[in-house]
Amino acid sequence: MEQAVAAPFCTSRLADAGARVIKIERPEGDFARGYDDVTKGQSSYFVWLNRGKESLIVDLAAPEGKQTLRELLGQADVLVQNLKPGALGRLGFGSEKLRKSHPRLISCSISGYGETGPFAERKAYDLLIQAESGLSSITGGPAEPARVGTSIVDIATGATAHAAILEALIARGITGEGADIRVSMFDVMADWLTVPLLHQEGGKPPQRLGLAHPSIAPYGVFTTRDGKQILISIQSDREWGKFCAEFLRLPALATDERFARNVARVRNRSLTDEAVGTAFGALDDVEARELLTRADIAFASVNDMAALSTHPHLRRITVETPAGPVAFPAPAPIVIGQERDYGRVPAIGQHALLHT
C-alpha cells in the first residue's frame, strides 16, 4: 500500500529480485502517476519505480476492500505501507493486530517522522525533510541553501526499508517469526547527516562550499586553459605528495608545513586552491587529464544530464509500459550468471481480474 517514491523504491527492488509485488492503489491511482508526463505521456517517477508490479484497485473504506486485503495478507510474506501514521490501524489492520493474526508477516511502515513524537502527525515529503533535517543547509553554494537535485530522502528511506526487510526475511528463516519494522524519513536523513552533525557539535559548523569538500583539500573543481572544468580529489597526504611532484611540478609543497597534511591544507584552502588552480590554468583539458591519469589522481568531468544520457559507462534496461517500451538506467547490482527479468509497468487496476 504505497505511493510517491520511498515505498515504491523499496518494493521495486523486491520485484527486481523476483518477488511478486501487488500494488494496492486508489481508484485514481498512486498520485506519483501524475507527477509529470515526460515518459511517453507517463510519469517518469512511476515508470522508474513500478516495473514488475501488479496493480490492484482496492477501496479500503468498503467491507469488500477490507476482505480483499485480509485475503492478500493471508498469503503475503511482506506488507509495505506508507499511509499516514495510524491510518492502517483505523482501518482495522494495525501492526499489533497483524502481529497476532499473521505472526510470520513482515510489516514495514514508512513515514515522515515515525509514529510517536511531536511531529508524528505532520505530513512529510522529500524536500520538506531535506529542509527540516538540515541537509539543505549544507547543500549548494555559499549564498543560500539548496535542494539536492534528486529525491535523496525518499531514495535513502526506500533503500533503508529494503535492507531492513531483507534482514527480517533472513531472521524469519531462522526463528520463524515475522517483524514489525518502522522507518521514518527524518531518522534516515539524520543518520546520513552524522558527520556534519558531529562537526557542528565539535565546534566546526559545516559551510556550504558548492563543488568542494568541507574536510578534504584539494577536492574541488578547477578550470583548464581552454575553459574546461575538472573535479579532482586528493584523499591522502601520500597522494598529495605524488600530485605535487607529477602534476603541480612543485615537489617542495609536499613538505611545506602549510600543505603537508590534509588538516593544514583545509586550514589554508585558499592558498592550496590557488596553487592547484594555477597549475590547471597552464594546461589544456587533454594535457590535464593525461597528467592526472599518469599520476593516478582521481578526477571527474562536471557533467549534466545530457552528458549522462550518452555516457560510455551508462547501463540501461528496457521495460514495457502501457505506452510502449522505455529505456532508463539499470539498477546497480550485477549478479554474475543471473540475468534479471524486469517486468512491465502496470496500468491502473490492470490486475484486478486476477483477484476476483
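K.L.:
Please clarify how the packing of helix 6 (residues 126-133) against helix 8 (residues 185-192) should be interpreted in this entry.
P.N.:
Remark: helix 6 packs on helix 8, axes separated minimally by 10 Å, with the N-to-C direction vectors making an angle of 50 degrees. One element, helix 6, and the other, helix 8, form an angle in the oblique class. Judged by the twist between their axes, the crossing of helix 6 over helix 8 is right-handed. Counting all contacts with helix 6, which are made through D126, I129, E132 and S133, the residues of helix 8 involved are M185, F186 and M189. Grouping the amino acids of the contact of helix 6 with helix 8 by side-chain chemistry returns four nonpolar, one polar and two charged.

K.L.:
Looking at this structure, I do not really get the pairing of strand 10 (residues 326-329). What am I missing?
P.N.:
Where strand 9 (residues 316-319) lies against strand 10, four bridges are found, and the strand directions are antiparallel. Across the sheet, the residue bridging to R316 is P329, located in strand 10. Between strand 9 and strand 10, which follow one another and run antiparallel, lie six residues, and G324 among them has a positive phi close to 115 degrees.

K.L.:
What exactly am I supposed to notice about the sheet that holds strand 6 (residues 219-223) here?
P.N.:
Hydrogen bonding along the main chain pairs the strands of a sheet, whether they run parallel or antiparallel. What the three strands build is an open sheet, ordered 6-7-8; its pairing is antiparallel. The open sheet is flanked by strand 6 and strand 8 (298-301), the only strands paired with a single partner. Sheet twist, expressed as the mean angle between neighbouring strand axes with direction ignored, is 30 degrees. As paired strands, strand 6 and strand 7 (residues 229-233) are joined by five bridges and run antiparallel to one another. Paired with Y219 across the bridge in strand 7 is S233. Where helix 13 (residues 285-294) meets the sheet, its contacts fall on strand 7 and strand 8, and the angle it forms with strand 7 comes to roughly 15 degrees.

K.L.:
Got a minute to help me understand the sheet that holds strand 5 (residues 179-184) in this structure?
P.N.:
In space, the three strands of this open sheet follow the order 3-4-5, with parallel pairing throughout. Strands with a single pairing partner mark the edges of an open sheet, and in this sheet they are strand 3 (78-81) and strand 5. Strand-to-strand, the axes of this sheet are offset by a mean angle of 10 degrees, without reference to chain direction. With six bridges joining them, strand 4 (residues 106-111) and strand 5 adopt parallel strand pairing. Residue pairing across strands places S109 opposite R182, the latter belonging to strand 5.

K.L.:
What exactly am I supposed to notice about the pattern of salt bridges here?
P.N.:
Pairing between side chains becomes possible if they bear opposite charge and their charged atoms approach one another. This structure, assessed with the given rule, holds 16 salt bridges. In this structure, R33 and E25 form a salt bridge, with 2.8 Å as the shortest nitrogen-oxygen distance. For E25, a relative accessible area of 2% corresponds to the buried category. Of the charged contacts, one joins R289 and D285 as a salt bridge, the two residues approaching to 2.9 Å between their closest N and O atoms. Note that R289 and D285 are positioned in helix 13 at a spacing of four residues, about one turn of the helix. Using a relative accessible area of 23% as the deciding quantity, one classes R289 as partly exposed. Here the salt bridges share partners, and the residues they tie into one network are E2, K23, D30 and K53.

Parameters and conventions
- Residues numbered from 1 in each chain as written.
- Predicted model: local features only at pLDDT ≥ 70, side-chain atom pairs only at ≥ 80, totals over all residues.
- Heavy atoms only, no water.
- Axes fitted to C-alpha atoms, helices over the stretch in contact; angles between N-to-C directions.
- Helix = DSSP H or I, 4+ residues; strand = E, 2+ residues; numbered from the N terminus.
- Parallel < 35°, antiparallel > 145°, perpendicular 65-115°, else oblique.
- Left-handed = near helix turned anticlockwise from the far one by under 90°.
- Contact = heavy atoms within 4.5 Å.
- Nonpolar A, V, L, I, M, F, W, Y, C, P; charged D, E, K, R; others polar.
- Pairing = 2+ DSSP bridges.
- Salt bridge = Lys/Arg side-chain N within 4 Å of Asp/Glu carboxyl O.
- Buried < 20%, exposed > 50% of the residue type's maximum accessible area, 1.4 Å probe, protein only.

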